[in-house]
Amino acid sequence: TQENLSKRLQEASAVFVRFLNVDSGAIHRFRAYKEIKNVRKEGDGFVVEAEKDIEVAPIVFDFAVKENLVIRELIPLDLTLEEVFIKLITREGV
């Protein structure tokens with residue numbers, strides 16, 4: 001299935017998260033977690049990425065508790081079908 005193939009090809013695990021009343025310094029404090037590979041602002045939320053085998057959601061929950069934040073939305077992000085196709089055709093030896 002696309003989901004299984006997406007998980008196998010994905011180089012990081014990621015979520016999109018929106019908090020209620022988050023301040024502008026949050027992105028820098030989020031990066032302090034050693035498991036976090038990247039955090040970027042996207043729209044009114046953040047995309048949080050960790051290494052492939054790390055579950056991001058528990059890290060987000062921990063951050064929210066420590067920062068006294070309310071999570072409004074948390075969505076796991078997978079590769080799109082187009083991204084899966086591009087990864088497959090650009091792999092060495094294919």
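How each quantity is defined
- Residues numbered from 1 in each chain as written.
- Predicted model: local features only at pLDDT ≥ 70, side-chain atom pairs only at ≥ 80, totals over all residues.
- Heavy atoms only, no water.
- Salt bridge = Lys/Arg side-chain N within 4 Å of Asp/Glu carboxyl O.
- Core = buried A, V, L, I, M, F, W, Y, C linked by side-chain atoms within 4.5 Å.
- Buried < 20%, exposed > 50% of the residue type's maximum accessible area, 1.4 Å probe, protein only.
- Helix = DSSP H or I, 4+ residues; strand = E, 2+ residues; numbered from the N terminus.
- Contact = heavy atoms within 4.5 Å.
- Phe/Tyr/Trp six-rings, centres within 6.5 Å; stacked < 30°, edge-to-face > 60°.
- Expected span 1.5 Å × (residues − 1).
- Arc of directions from axis to C-beta.
- pLDDT = per-residue confidence, 0-100.
- Polar contact = N/O pair within 3.5 Å; in protein donor to acceptor, adjacent residues only side chain to side chain.

Thoughts on the pattern of salt bridges
Oppositely charged side chains are able to pair whenever their charged atoms sit close together. Scanning all chains against the criterion turns up seven salt bridges. Across the pair D23 and R29 runs a salt bridge whose closest N-O atoms are separated by 2.8 Å. Salt-bridge contacts for E49 lead to R40; the nearest nitrogen and oxygen are separated by 3.4 Å. Each member of the salt-bridge network shares a partner with another, and the members are R18, D44 and E73.

Comments concerning the nonpolar core
In terms of nonpolar packing, the biggest core is built from 18 residues, with F19, F30 and V48 touching the most fellow members. Counting only elements with at least two residues in this core, the list comes to β1 (12–20), α2 (26–30), β2 (36–42), β3 (45–51) and α3 (56–67). Residue contributions to this core peak at five residues, all from α3. Once residues within four sequence positions are removed from consideration, V48 is found in contact with S13, A14, V15, V17, F30, I36, N38, V39 and V56.

Side note on the packing of aromatic side chains
With the rule as written, the count across this model stands at six aromatic pairs. Ring geometry for F19 and F46: centres 6.2 Å apart, planes at 55 degrees, overall tilted. You can see F19 sitting in strand β1 and its partner F46 sitting in strand β3, a full 27 residues away along the chain. Across the pair, exposure class does not vary: F19 and F46 are buried alike.

Focus on α3
In this model α3 runs 16 Å from its N-terminal to its C-terminal C-alpha over 12 residues, within 8% of the 16 Å that 1.5 Å per residue would give. Buried residues of α3: V56, I59, V60, F63 and A64, and no others. On an axial view of α3, the arc spanned by its buried residues comes to 135 degrees, and they lie on one face. Of the exposed residues in α3, those oriented more than 90 degrees away from the buried face are V65 and K66. Looking one or two places after α3, you find N68, whose phi comes out positive at around 60 degrees.

Comments concerning the environment of V22
Tracing the backbone shows V22 in the loop between β1 and α2. Apart from the residues within four sequence positions on either side, V22 is in contact with F46 and L69.

Regarding the confidence of the model for the chain
Looking at the chain as a whole, its pLDDT mean stands at 76, while 69% of the residues score no less than 70. Of all helices and strands in the chain, the one with the weakest mean pLDDT is helix α1 (residues 2–9) (44), whereas α3 scores best (92).

So, the side chain of R18
You can see R18 is positioned in strand β1. For R18, a relative accessible area of 17% corresponds to the buried category. A distance of 2.7 Å separates the side chain of R18 from the side chain of E73, its partner in a polar contact. Not counting residues up to four positions away in its chain, the partners in contact with R18 are D44, G45, V70, I71, R72 and E73.

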